[in-house]
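A closer look at the structure
Next come the chains, spelled out residue by residue.
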Amino acid sequence: MKMLDITKYPSRILREKSQPIKEITGKEIELFENMFFTMRNSSGIGLAAPQIGINQRLIVADTAAGALVRLANPEIIEVKGKNKMEEGCLSVPEALVSIERPDEVIIRGLNEEGKIVEVKAKGLLARVLLHEIDHLNGKLIIDYMSFLKKINFNLRSKRK
Ligand code: ZN
């Protein structure tokens, strides 16, 4: 397993819409493994392929709730409830943003065997999956900041 470089804001690749995976091959499985390794070694609980510079619809998550998730082409099928919590992101290390998201989700995608599966998630895992799906659509936590907070954040990042 390999530690991959994490793409950081304001890299362009984080703003692109990622491409769907046509089929799960050895290449995707290796990518899943390396993404997991990179996520764990960075103390993250989720990672999306654009964060390692690859614009493909692949995500991994591990919230320590016993649920290791690897999904290709994840799609939100159902959402329920609401919940607000502060979120960070390995690609935007200086930001913490309070974000309201659904509390429960059903996500459909391809697992590492190329089978269509539905993942039911609640609480933190639901939040992580929604955060990673945002990445596949070029969306970042700073997009949830208030206008003023965002201006301040951008000023601080530019000064570095
Ligand atoms: Zn993120």
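Residues numbered from 1 in each chain as written. Predicted model: local features only at pLDDT ≥ 70, side-chain atom pairs only at ≥ 80, totals over all residues. Heavy atoms only, no water.

1. Focus on the pattern of salt bridges
Going by this rule: Throughout this description, the term salt bridge denotes a Lys or Arg side-chain nitrogen within 4 Å of a carboxyl oxygen of Asp or Glu. Helix and strand definitions follow DSSP, with helices as H or I runs of at least four residues and strands as E runs of at least two, each counted in order from the N terminus. Only protein chains enter the accessibility calculation, which uses a 1.4 Å probe; a residue whose area is less than 20% of its type maximum is buried, one above 50% is exposed, and one in between is partly exposed.
All told, the structure shown has 11 salt bridges when counted by the stated rule. The salt bridge involving R40 is made with D62; its shortest N-O contact spans 2.8 Å. Taken as a pair, R40 in helix α1 (residues 26-41) and D62 in strand β2 (residues 58-62) lie far apart in primary sequence, 22 residues in all. Residue classification places R40 among the partly exposed residues on the basis of a relative accessible area of 48%.

2. A look at the sheet that holds strand β1 (residues 46-48)
Applicable threshold: Whether two strands pair depends on DSSP finding at least two bridges between them. Inter-axis angles, ranging from 0 to 180 degrees, are taken between N-to-C directions of lines fitted to C-alpha atoms, where helices are fitted over the stretch in contact. By definition in these notes, contact holds between two residues if any of their heavy atoms fall within 4.5 Å.
In spatial order, the strands read β1-β2-β3-β6-β7; together these 5 strands make up an open sheet with antiparallel pairing. The outermost strands of the open sheet, each flanked by one partner alone, are β1 and β7 (116-122). Taking the axes of each pair of neighbouring strands and ignoring which way they run, one obtains an average angle of 40 degrees across the sheet. Against the sheet, α1 makes contact with β1, β2 and β3 (68-80), and its axis sits at roughly 40 degrees relative to β2, the strand it touches most. Sheet strands in contact with helix α2 (residues 123-136) are β1, β2, β3, β6 (104-110) and β7, and its direction is about 155 degrees off that of β2.

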